[in-house]
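# Report on the structure
Each chain, letter by letter, is given below.
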Amino acid sequence: MQNPGQSTVNASGKFAPLIKDEHLQEQIVRPSLTYWKDAWRRLKKNRLAMAGLFILILLTIVSILAPFISQFEYSATNPSIANQKPNSVHWFGTDDLGRDLWTRVWWGTRISLFIGIVAAVIDLIVGVIYGGISGYYGGKVDSVMQRFIEIIYSIPFLLIAILLMMVLKPGITSIIIAYSITGWVPMARLVRGQVLQLKEQEYVLASRTLGARTGRIILRHLVPNALGIIVVQITFVVPSAIFAEAFLGFIGIGIRPPLASLGSLLSDGAASMRYYPFRLLFPTAVFSLILLSFNVLGDGLRDALDPKMRK
């Protein structure tokens, strides 16, 4: 079957349009798609990535709504029902103080997601600005800025976290600050590499010729063209921040009681897993689902936003 606008050879040996109607000749067989629409179309074809996106949305909604619809407060204790197994009243059971684990698990999920998202936003802002300036100016400016990055990145995250816990009280703010001190470095390096490739393009040279300021060139021309890679990086930053929070909570310097996070719940559950394995099972399941969903979504976005994959 021939498409509208195709030609055929007539009896005289000359080419003639197959369809005489000019409107049909100019009809576009395939609809024009923008970069983001085409990326979304490819992402929807990736069932694993879409499953990860659906699970993340579901976990976020449940973590927001579940503590409000529960009849128990996350900090309410009742020693008479301590360490109860999952039942019709306490769906995830209770801990050693008689607190409802259903409420505490979803409250902890909310806090862990909040820490991950806020840390990712800070890394995005600092990393994009720092990497954009470093890559755009190049030369000595780039050399000095990269040496500073190497110094920052050489400081162990655990050491920074412990020092901050000594100065600030253990909590959400100190964890976010501790992660953000070094967490922006991979984003800055990624943006720098993209800017180094893009800054010699024709549209950037045209902007310079027209007198555009450096900030405008970086934010309006360079960063938007590197946005696909930045979005993919964000999907890996969020689980990294959540894992860092869980690690601090597991070793006992994270969120302090009566607040709960997935890290603190994992720590409590690991201490009693031999006798009450359900206390470790549910936080581990939610924690694993979050990390796995972000990873498969990041892999799907990496393929969907790759210009080479566009057909």
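These notes cover the structure that comes with them. (Residues numbered from 1 in each chain as written. Predicted model: local features only at pLDDT ≥ 70, side-chain atom pairs only at ≥ 80, totals over all residues. Heavy atoms only, no water.)

### Some thoughts on the overall build of the chain
Which entries qualify depends on this criterion: Segments assigned H or I by DSSP are reported as helices when at least four residues long, segments assigned E as strands when at least two residues long, and all are numbered from the N terminus. Burial classes: relative accessible area under 20% of the type maximum marks a residue as buried, over 50% as exposed, and values in between as partly exposed (1.4 Å probe, protein chains only). We get accessible surface area from the Shrake-Rupley algorithm with a probe of 1.4 Å; when it comes to residues, only the shown protein chains can shield them.
Counting its secondary structure elements, the chain contains 13 helices and two strands. When the 311 residues of the chain are sorted by exposure, 41% land in the buried category. Summed over all atoms, the accessible surface of the chain reaches about 17700 Å², with 65% contributed by carbon and sulfur.

### Notes on the packing of aromatic side chains
Our working rule: Each Phe, Tyr or Trp ring (for Trp, its six-membered ring) is paired with any other whose centre lies within 6.5 Å, and the angle between the two planes then decides the class: stacked below 30 degrees, edge-to-face above 60, tilted in between. By the criterion adopted, a ring carries a charge over it if an Arg CZ or a Lys NZ lies within 6 Å of its centre and within 35 degrees of its normal.
Tallied over the full model, the rule gives eleven aromatic pairs. Each ring, one from Trp-91 and one from Trp-102, has its centre 4.9 Å from the other, and the planes form 70°; the classification is edge-to-face. Of this pair, Trp-91 sits in the loop between α3 (47–69) and α4 (101–137) while Trp-102 sits in helix α4, placing them eleven residues apart in sequence. Relative accessible area serves as the criterion here: at 16%, Trp-102 is assigned to the buried category. With a centroid separation of 6.2 Å and an interplanar angle of 75°, the aromatic rings of Tyr-276 and Phe-278 are classed as edge-to-face. A relative accessible area of 9% means that Phe-278 is categorised as buried. An aromatic cluster of at least three residues, connected via ring pairs, comprises Trp-91, Phe-92, Trp-102, Trp-106 and Phe-282. Lying over the aromatic face of Tyr-153, Arg-189 brings its terminal NZ or CZ to 5.2 Å of the ring centre.

### So, empty space enclosed by the protein
To find leftover empty space, one rolls a probe the size of a water molecule over the atoms. The cut-off we apply is this: Both site types are read off a 1 Å grid over the protein atoms alone. A 1.4 Å probe that fits but cannot get out defines a cavity, while an open set with protein on both sides within 12 Å along at least five of seven lines defines a pocket; lining residues have an atom within 4 Å of a point. Grid points are joined across faces, edges and corners, and a volume is the space filled by probe spheres set on the points. Asp, Glu, Lys and Arg are counted as charged, while Ala, Val, Leu, Ile, Met, Phe, Trp, Tyr, Cys and Pro are counted as nonpolar; the rest, among them Gly, fall into the polar class.
Following the criterion strictly, the structure yields one cavity of 30 Å³ or more and no others. Volume-wise, the largest cavity comes out at about 50 Å³. In terms of lining, the largest cavity is formed by Asp-95, Arg-99, Leu-101, Arg-104, Leu-265, Asp-268, Gly-269 and Arg-279. Top element by residues in the lining of the largest cavity is helix α12 (residues 262–271). It accounts for three residues. Grouping the constituent residues of the lining of the largest cavity by class yields two nonpolar, one polar and five charged.

### Observations regarding the side chain of Asp-100
Keep this limit in mind: Charged-residue counts in this description rest on Lys and Arg as positive and Asp and Glu as negative, His and the chain ends being excluded. We define a salt bridge as a side-chain nitrogen of Lys or Arg found within 4 Å of a carboxyl oxygen belonging to Asp or Glu. A 3.5 Å cut-off defines polar contacts: any pair of N or O atoms within that distance qualifies, except that in protein one atom must be a possible hydrogen donor and the other a possible acceptor, and neighbouring residues in sequence count only when both atoms are side-chain atoms. In this description, contact between two residues means that some pair of their heavy atoms is separated by no more than 4.5 Å.
Its place among the elements puts Asp-100 in the loop between α3 and α4. Among buried charged residues, Asp-100 stands out as having no salt bridge; its nearest opposite-charge side chain is Arg-104, 8.9 Å away. A distance of 2.9 Å separates the side chain of Asp-100 from the side chain of His-90, its partner in a polar contact. If we ignore the near neighbours within four places in the chain, the residues touching Asp-100 are Ser-70, Phe-72, His-90, Gly-93 and Thr-94.

### Topic: the packing of helix α11 (residues 227–250) against α12
Selection rule: Angles here are taken between N-to-C directions and fall from 0 to 180 degrees, while the axes themselves are lines fitted to C-alpha atoms, restricted in helices to the stretch in contact. With respect to orientation, any angle under 35 degrees is reported as roughly parallel, any angle over 145 as roughly antiparallel, any angle of 65 to 115 as roughly perpendicular, and every other angle as oblique. By convention the crossing between two helices is left-handed if the near helix lies anticlockwise of the far one by an angle smaller than a right angle, and right-handed if it lies clockwise.
Direction vectors running N to C along α11 and α12 enclose 40°, while the axes themselves pass 7 Å from each other. As summarised for this structure, α11 and α12 are arranged oblique, according to the angle between their axes. The handedness of the crossing between α11 and α12 comes out as right-handed. Where α11 approaches α12, its residues Glu-245, Ala-246, Gly-249 and Phe-250 are matched on the opposing element by Leu-262, Gly-263, Ser-264, Leu-266, Ser-267 and Ala-270. Partitioned by chemical class, the residues of the contact of α11 with α12 number five nonpolar, four polar and one charged.

### Remarks on the layout of surface pockets
A volume near 230 Å³ is recorded for the second largest pocket. Where the lining of the second largest pocket is concerned, the elements lending two or more residues are α3, α4 and α11. Broken down by element, the lining of the second largest pocket gets its largest block of residues, seven residues, from α4. Looking at the lining of the second largest pocket, its residues break down into 13 nonpolar, two polar and one charged.

### Section: the nonpolar core
Put simply, the rule is: Nonpolar cores are built from buried Ala, Val, Leu, Ile, Met, Phe, Trp, Tyr and Cys residues. Side-chain atoms within 4.5 Å join them into one set.
Membership of the largest hydrophobic core comes to 51 residues, with the highest contact counts inside it found for Trp-106, Leu-222, Ile-230, Ile-242, Phe-287, Ile-290 and Phe-294. For this core, the secondary-structure elements that each account for two or more residues are α2 (35–45), α3, α4, α8 (185–198), α10 (214–225), α11, α12 and α13 (278–304). Top element by residues in this core is α13. It accounts for ten residues. Excluding residues within four positions of it along the chain, Phe-294 makes contact with Leu-56, Leu-113, Thr-235, Val-238, Pro-239 and Ile-242.

### Focus: the pattern of salt bridges
Any two side chains of opposite charge can pair if their charged atoms end up close together. Tallied over the entire structure, the rule returns five salt bridges. We note a salt bridge from Arg-192 to Asp-142, for which the minimum N-O separation is 2.7 Å. Of this pair, Arg-192 sits in helix α8 while Asp-142 is found in helix α5 (residues 139–153), placing the two residues 50 residues apart along the sequence. Taking the relative accessible area as the measure of exposure, Arg-192 reaches 22% and is therefore partly exposed.

### Let's talk about the packing of helix α9 (residues 202–209) against α10
The interhelical angle for the contact between α9 and α10, taken along N-to-C directions, is 180°, at an axis separation of 11 Å. Regarding the angle of α9 to α10, the classification is roughly antiparallel. Residue-level contacts link Tyr-203, Val-204, Ser-207 and Arg-208 of α9 to Ile-217, His-221, Leu-222 and Asn-225 of α10. Split by residue class, the contact of α9 with α10 holds four nonpolar, three polar and one charged.

### Focus on the environment of Val-232
Among the secondary structure elements, Val-232 is positioned in helix α11. When its relative accessible area of 9% is taken as the criterion, Val-232 is described as buried. Taking the C-alpha atoms as reference points, Val-232 and Leu-301, 69 residues apart in sequence, are found 6.0 Å from one another. Ignoring any residue separated from it by four or fewer positions in sequence, one finds Val-232 in contact with Gly-298, Leu-301, Arg-302 and Leu-305.

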